[in-house]
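Observations on the model geometry
Chain residues, written in single-letter form:
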Amino acid sequence: SHSYVGPDYSVQKNTGKISLEQIDALSVKSFPLCMRQLHKALRDSHHLRHGGRMQYGLFLKGIGLTLEQALEFWKKEFIRGKVDADKFDKGYAYSIRHNYGKEGKRVDYTPYSCMKIIMSNPPSQGDYHGCPFRHSDPELLKQKLQSSKIPPSGITQILELVKGMHYQLACQKHFELTHDVDDIGFSLNHPNQYFTESQKLLNGGRELKKELSNSSNSQQRSNSQESMNSNSAPSSSNTTADAELEELEAYFTED
Ligand code: SF4
């Protein structure tokens, strides 16, 4: 709906508040399934293809990784695989700095909403991006849910929602089942929202207080009227950012 004026989960409020050592634990506790899948694939294969790097890299930026942390995080993982440090610095580092607005046209890119992930750029063979509720084969999704320790009755409920094409509701159900709450009390539209709400719940509201006491942050204030996700009509600056992102994606299509 165009009237949605809730918090904008694309806005980074926690920059520098998480350490790289926390990411493995956070991915299990507080990441939505799409990001767990990307994190696991990255740890397992020490690589992610372009679509995955964009989706996961921007999500991590949204949960608070600084540019320096992002460079360290990706480099450490990639050099454990087939990419050497020199190749990383010459190629991949550019696109990470680009995501943080430090290269090219210096657009400060924001994390993708569920709508964008569900509706655009579907994953092909060898890709781990996308929304598992939308893009995974039901049998594979079932296995993923089993490995998240979701009880069989919960899996049935989730698969029903997926069958009805209610992907975000399926994800909400996944949140409820993994956090042991009956009703999450919000409508899920952003992976970073999933993360923030999960952290609030697990930390008993401590994160929320931190955010409120941080309200002198000017970026936060200026962003309060731009609280639109891609399910709203894009402003002209969003349109420009989208066009530039397409350009960037076209440039970095090789893996
Ligand atoms: Fe990720 Fe959104 Fe899909 Fe959940 S509904 S898995 S947060 S894209």
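Residues numbered from 1 in each chain as written. Predicted model: local features only at pLDDT ≥ 70, side-chain atom pairs only at ≥ 80, totals over all residues. Heavy atoms only, no water.

In the annotation of an unreviewed UniProt entry, the protein chain is listed under the name DNA primase large subunit and assigned to Urocolius indicus. Turning to the protein chain, the UniProt record has this under Sequence similarities (unreviewed entry): "Belongs to the eukaryotic-type primase large subunit family." Quoted verbatim from the Cofactor (unreviewed entry) heading of the UniProt record, the comment on the protein chain is "[4Fe-4S] cluster". (UniProt positions renumbered as here; feature names shortened; annotations may be inferred.)

Take the site of the ligand next. Neighbouring the ligand are Pro32, Cys34, Cys114, Ile117, Cys131, Pro132, Phe133, Gln168, Cys171 and Pro191. At the level of elements, helix H6 (114-119), helix H7 (132-135) and helix H10 (167-179) are the ones that each hand at least two residues to the shell around the ligand. When the residues that make up the shell around the ligand are grouped by side-chain class, the tally is nine nonpolar, one polar and no charged. (Near = heavy atom within 4 Å. Helix = DSSP H or I, 4+ residues; strand = E, 2+ residues; numbered from the N terminus. Nonpolar A, V, L, I, M, F, W, Y, C, P; charged D, E, K, R; others polar.)

With that settled, consider the packing of aromatic side chains. Inspection of the entire model under this criterion finds 14 aromatic pairs. Plain terms: the ring middles of Tyr56 and Phe59 are 6.4 Å apart, the flat faces sit at 15° to each other, and that makes the pair stacked. Of this pair, Tyr56 and Phe59 both sit in helix H3 (residues 50-63), three residues apart, which is roughly one turn of the helix. We note that Tyr56, like Phe59, is buried. Measuring from centroid to centroid gives 6.0 Å for Tyr56 and Trp74, while their planes differ by 75°, and the two rings are edge-to-face. Taken as a pair, Tyr56 in helix H3 and Trp74 in helix H4 (residues 67-78) lie far apart in primary sequence, 18 residues in all. Each of the two residues, Tyr56 as well as Trp74, counts as buried. (Phe/Tyr/Trp six-rings, centres within 6.5 Å; stacked < 30°, edge-to-face > 60°. Buried < 20%, exposed > 50% of the residue type's maximum accessible area, 1.4 Å probe, protein only.)

With that settled, consider the packing of helix H1 (residues 23-30) against helix H2 (residues 33-45). Between H1 and H2, whose axes approach to 9 Å, the crossing angle comes to 145°. The element H1 and its partner H2 pack so that their crossing is left-handed. Residues Ile23, Asp24, Ser27, Val28 and Lys29 of H1 pack against Arg36, His39 and Arg43 of H2. Of the residues belonging to the contact of H1 with H2, the class tally is two nonpolar, two polar and four charged. (Axes fitted to C-alpha atoms, helices over the stretch in contact; angles between N-to-C directions. Left-handed = near helix turned anticlockwise from the far one by under 90°. Contact = heavy atoms within 4.5 Å.)

Before going further, it helps to spend a moment on unusual backbone geometry. Positive phi values are uncommon outside glycine, yet Lys149 reaches one of about 60°. Following the sequence through the fold, Lys149 ends up in the loop between helix H8 (138-147) and helix H9 (152-163). Taking the relative accessible area as the measure of exposure, Lys149 reaches 74% and is therefore exposed.

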